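What follows is each chain in one-letter form.
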Amino acid sequence: MDWTIVSFLAADAVQSGTIYALLALSLVLVFAVTRVILVPLGELLVFAPLTYVFFLPSGVSGLELHGQIPGTAWLSSFLLLVWAVLDRANPSRVARLVVLALLVLGLAWVGARGVAPWLGWILAVLVVLPIGPASYRLFFQPAQNASVLTYLIIAVGLHFAYQGLGLVFFGPEQYRLPPILSGQTNLGMVPINNQAFLVYGFALLTMLGLYLFFTRSLYGKALRACAVNRYGARLLGISPAQAGYVAFGIATLIVTVSGMLLAPLISPAYFQGFLFGLKGFVAGILGGLVSYPLAVLGALAVGGFEQWAGYVSSPFKDALVFALLLPVLLWRSLRSHEIGEEE
Amino acid sequence: MKGIAVGILALGLGLGLAQQAPLKIGVVVSATGPGASLGIPERNTLLLLEDQVNKRGGLAGRPVQFIIMDDASDTTQAVRAARKLIQEDQVLAIIGTTTTPATLAMIDPIAEAGVPNISLAANREIVAPMDDKRKWIFKTPQTEEQMSQPIVQDMKANNVKNVAYIGFNDAYGEGWAKAFEAAAKEAGLNVVASERFSRTDTSVTGQILRILSKNPDAVLIGGSGTAPVLPQRTLKERGYKGLIYQTHGVANPDFLRVGGDAVIGTRLPAGPILVFDQLPSGFPTKRVDQSYVQQYEAKYGIGSYSTFGGHAYDAWAILSAALERTLKKEQPTNLQAFRSTLRDEIEATKGVVGTHGIFNMSPQDHLGLKFNEAAVMVEVVKTPSGKLGWKLIRTFQ
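Keep in mind the model is a prediction, meaning the values are calculated, not measured.

Before going further, it helps to examine the overall build of chain B. A tally of regular secondary structure across chain B gives 13 helices and 14 strands. Expected size for 397 residues packed as a compact globule is a radius of gyration near 21 Å; at 21 Å, chain B falls within 12% of this value. Out of the 397 residues in chain B, the part that is buried amounts to 60%. Once local pairs closer than 6 in sequence are excluded, the contacts in chain B between residues at least 24 apart make up 66%. Counting every atom, chain B has about 15,200 Å² of accessible surface; 51% of that belongs to carbon and sulfur.

Rendered as structure tokens:
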């Protein structure tokens, strides 16, 4: 293992580590505010790029889809409509949700008829985005004040449901997406795909944005208050449900855009989200699911460890990464403060 | 699926009252689930064949009825389907199923009841080592061992000395690793690296760098579907200039679609049907291939055929010939004796030309294919129209 190999591996480690970091940030954000470990974030990561495939001209995607509306658009508007039914006591919100549901289908219809690539890109994000907050309203909010374990069980169930739907919507095979920036740049002797720089840029932007949001904006401070003490926050007039929508919304936005930027580098398929989500989760655990900077460092560590394991002993690569969790959990449980069990 | 099966059953009963009782053949395929891209063309082929044989007046004057079950690529459901076909439907023989693990699980109930079975799955373990149970089991697809031969011969012809392998970390990749490494050693090639990756991986840089550090003249990628594009693209991105081989698991249009320019020049072994129109005119399976593809595309659309449907065609070619011979000796009403005689007749199959080769069975060999006719080497090329396609580069006759 010489320098060349180390630098090649490091370049790849940073690329996958950045994605794990974005997932870990979203997981920590959602967990801090709502106590939900949102396993299906991985599925949302691949939903957007797979939806984008339906908006591409057939010469680019290599498929004959004949203006078919992607299944994710139906799912998205269906969830919004169920949300409207649940909130039927509030007519103005019902109206807004129904309009939103129709808008999602309309956007998907426009996209599927063929639009400019950049517009299709944005449409794909918009179509998938409502799935996050709607999932919170439909599946987690009814179980208000449930234990972390109950939330986890719901989240795992949702992961299986979304993964199964992904197979139905998009089939078992992978897709190829055009990069926004093609070509490579040489850093020293290591070639790096230009598209990867977009991922790095977005990651930095996300971190900066989250930092400003949580320290400067009123919404951000309200979310932090919810994360620290839900009762106290409620006493001060902060609605935990509202905080839940915002947290799920931000997390879904981060994850869908990451997925869109990453997709040209990996040829996405319905099954690929889960492992990203799981490794992002490992990274989040390394930071104790409370610290954003530690989660980012944890993500880079997971990325690096994974590349090293792939080089040294490829049959056991994933096993080694998940085995990384054991000593960390052990160490954390020895000095834990019962995170998440208060209230 | 059940609805269709019941519909076919009802239709069969109607016909049966009018003339003689139909010959019932059980079929288990993976029409849904991960094996669906193989199972659907198999089912379509059998529906086509059932139609044809009954239009021609059936076998020896008797109508033929396929009772088709979907196992959803699931081992448990495959076993349940087999039991139902044997006990409730009292079928004469069973064709299927699509995947190796499910077929292996079906061996027990099938051998227990004494029903001849022709599997559509690849692994050699289905018919070897021959024992009291496996004497009821036959199969039509080529094994990894047989597909390794053309790869090794093609490597020798291209002066390859050192070769690296990277394959799936599951039954498919391990099966290929074992078969290929044995064949390579026998031919005097050095296997300098043997790496694994997972179908779900999104980066294989570590494995590829390790392979590149050994400087192999050729790399074989052992995977199926579209996932094997990833190691190949990584090899190209890292500037690998040697030969890249894939297995027949990638002989599908999705591989070309996802791979794009990165897979031009890939060499792989495949059943001759993949490039049926490029086969030399004397090639033994050429006529069968042409007529099968023509009939299949007439019913299911141009460009719809795949190599997997060919395995189902071959299974019926073997079974129908054996059924005709058995009907001269035994009555289907005497079920157990008929099944047993049918098994002996399948084992006595000689010179049946299918879409994937010539079948000569024996008590020890329940596949009966020789790789010389059952495999050709093809290369992925860019056709003049700018699309990717398969080009025949070598036959082994």
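A tally of helices and strands in chain A yields 16 helices and 2 strands. Radius of gyration (C-alpha) of chain A: 20 Å, near the 20 Å computed for a compact globule of 343 residues. On the principal axes, the C-alpha backbone points of chain A span a range of 65 × 60 × 35 Å. The buried share of chain A, reckoned over its 343 residues, is 55%. Surface summary for chain A: the accessible area is close to 14,900 Å², and the carbon and sulfur share equals 71%. For chain A, the distance from the average position of its 16 positive side-chain charges to the average position of its 12 negative side-chain charges is 13 Å.

Here the focus is the pairing of strand β1 (residues 23-29) of chain B. Residues and elements named next belong to chain B. Burial within β1 is extensive, with 6 of its 7 residues counted as buried. Here β1 runs beside strand β2 (residues 64-70); their pairing, made up of 7 bridges, is parallel. Note on β2: the bridge partner recorded for Val28 is Met69. As defined by bridge partners, β1 adjoins strand β3 (residues 93-96) across 4 bridges and the pair is classed as parallel. For Val28, the partnering residue across the bridge sits in β3 and is Gly96.

Moving on, we get to the interface of chain B and chain A. Accessible area lost upon the coming together of the parts serves often as the stated size of an interface. Every contact between the two is made by 25 residues of chain B and, on the other side, 28 residues of chain A. Of the roughly 2,400 Å² buried at the junction of chain B and chain A (both faces included), carbon and sulfur atoms supply 48%. Between the two partners, chain B and chain A, sit 2 salt bridges. The salt bridge involving Arg238 of chain B is made with Asp12 of chain A; its shortest N-O contact spans 3.9 Å.

So, about the packing of aromatic side chains. Summed over all chains, the structure comprises 24 aromatic pairs over all chains. The interplanar angle of 25 degrees and the centroid separation of 6.4 Å between the aromatic rings of Tyr165 of chain B and Phe180 of chain B together place this pair among those described as stacked. Separated by 15 residues along the polypeptide, Tyr165 of chain B in strand β6 (residues 162-168) and Phe180 of chain B in helix α6 (residues 171-186) bring together distant segments of the chain. Since its relative accessible area comes to 0%, Phe180 of chain B is described here as buried. Between Tyr296 of chain B and Tyr300 of chain B the ring centres are 4.7 Å apart and the planes differ by 45 degrees, which places this aromatic pair in the tilted class. Within this pair, Tyr296 of chain B and its partner Tyr300 of chain B are both found in helix α10 (residues 286-300), separated by 4 residues, close to a single helical turn. By relative accessible area, which is 2% here, Tyr296 of chain B ends up buried. With relative accessibility at 28%, the residue Tyr300 of chain B sits in the partly exposed group. An aromatic cluster of at least three residues, connected via ring pairs, comprises Trp83, Tyr136, Phe140, Tyr151, Tyr245 and Phe248 of chain A. Between Arg35 of chain A and the ring centre of Phe31 of chain A, over which it is positioned, the NZ or CZ distance is 5.7 Å. Looking at Arg343 of chain B, its charged tip hangs above the ring of Trp136 of chain B, at a distance of 6.0 Å from the centre.

We now examine the confidence of the model for chain B. Summary statistics for chain B give a mean pLDDT of 91 and a share of 95% for residues scoring 70 or more. Mean pLDDT across the elements of chain B bottoms out in helix α1 (residues 2-18) of chain B (52) and peaks in strand β4 (residues 117-119) of chain B (97).

Below, the discussion takes up the domain arrangement of chain B. Residues and elements named next belong to chain B. In terms of domain boundaries, chain B breaks down into domain 1 (2-142 + 288-366) and domain 2 (144-270 + 374-395). Distance from the C-alpha centre of domain 1 to the C-alpha centre of domain 2: 32 Å. With 5 residues of domain 1 at the interface, the matching set in domain 2 holds 5 residues. For the pair domain 1 and domain 2, the summed buried surface comes to about 700 Å²; carbon and sulfur atoms form 51% of the total.

With that settled, the discussion passes to the sheet that holds β1 of chain B. Residues and elements named next belong to chain B. Judged by pairing direction, the sheet is parallel, and its 5 strands sit side by side in the order β2-β1-β3-β4-β5 without closing on themselves. Whereas interior strands pair on both sides, the edge strands pair on one side only; in this sheet they are β2 and β5 (137-139). Ignoring which end each strand starts from, the neighbouring axes of this sheet average 25 degrees apart. In this sheet, β5 lies alongside β4 in parallel orientation, the contact comprising 3 bridges. Its bridge partner lying in β5, Ile118 is registered against Phe138.

This next bit is on the pattern of salt bridges. Inspection of every chain in the model, using the stated rule, returns 21 salt bridges over all chains. Here Arg137 of chain A and Asp87 of chain A are joined by a salt bridge, their closest N and O atoms 2.7 Å apart. Note that Arg137 of chain A is positioned in helix α7 (residues 131-140) and Asp87 of chain A in the loop between α4 (71-86) and α5 (91-112), a separation of 50 residues in sequence. Asp87 of chain A shares its class with Arg137 of chain A; the two are buried. Salt-bridge contacts for Asp170 of chain B lead to Arg199 of chain B; the nearest nitrogen and oxygen are separated by 2.8 Å. Remark: Arg199 of chain B occurs in the loop between β7 (190-197) and α7 (205-213) and Asp170 of chain B occurs in the loop between β6 and α6; sequence separation between them is 29 residues. Under the relative-accessibility criterion, Asp170 of chain B is labelled partly exposed at 24%.

Attention now goes to α7 of chain B. Looking only at α7 of chain B, the buried set comprises Thr205, Gly206, Gln207, Ile208, Leu209 and Ile211 of chain B. Following α7 of chain B by one or two positions, Asn215 of chain B has its phi on the positive side, about 55 degrees.

Criteria and thresholds
Residues numbered from 1 in each chain as written. Chains lettered and ligands numbered in written order. Predicted model: local features only at pLDDT ≥ 70, side-chain atom pairs only at ≥ 80, totals over all residues. Heavy atoms only, no water. Helix = DSSP H or I, 4+ residues; strand = E, 2+ residues; numbered from the N terminus. Rg over C-alpha atoms; globule rule 2.2 N^0.38 Å. Buried < 20%, exposed > 50% of the residue type's maximum accessible area, 1.4 Å probe, protein only. Contact = heavy atoms within 4.5 Å. Areas by Shrake-Rupley, 256 points an atom, 1.4 Å probe, with all protein chains shown as cover. Lys, Arg positive; Asp, Glu negative; His and termini not counted. Charge placed at Lys NZ, Arg CZ, Asp CG, Glu CD. Pairing = 2+ DSSP bridges. Buried area = accessible area lost by both parts, 1.4 Å probe. Salt bridge = Lys/Arg side-chain N within 4 Å of Asp/Glu carboxyl O. Phe/Tyr/Trp six-rings, centres within 6.5 Å; stacked < 30°, edge-to-face > 60°. Lys NZ or Arg CZ within 6 Å of the ring centre and 35° of its normal. pLDDT = per-residue confidence, 0-100. Domains from an automatic or database assignment. Axes fitted to C-alpha atoms, helices over the stretch in contact; angles between N-to-C directions.

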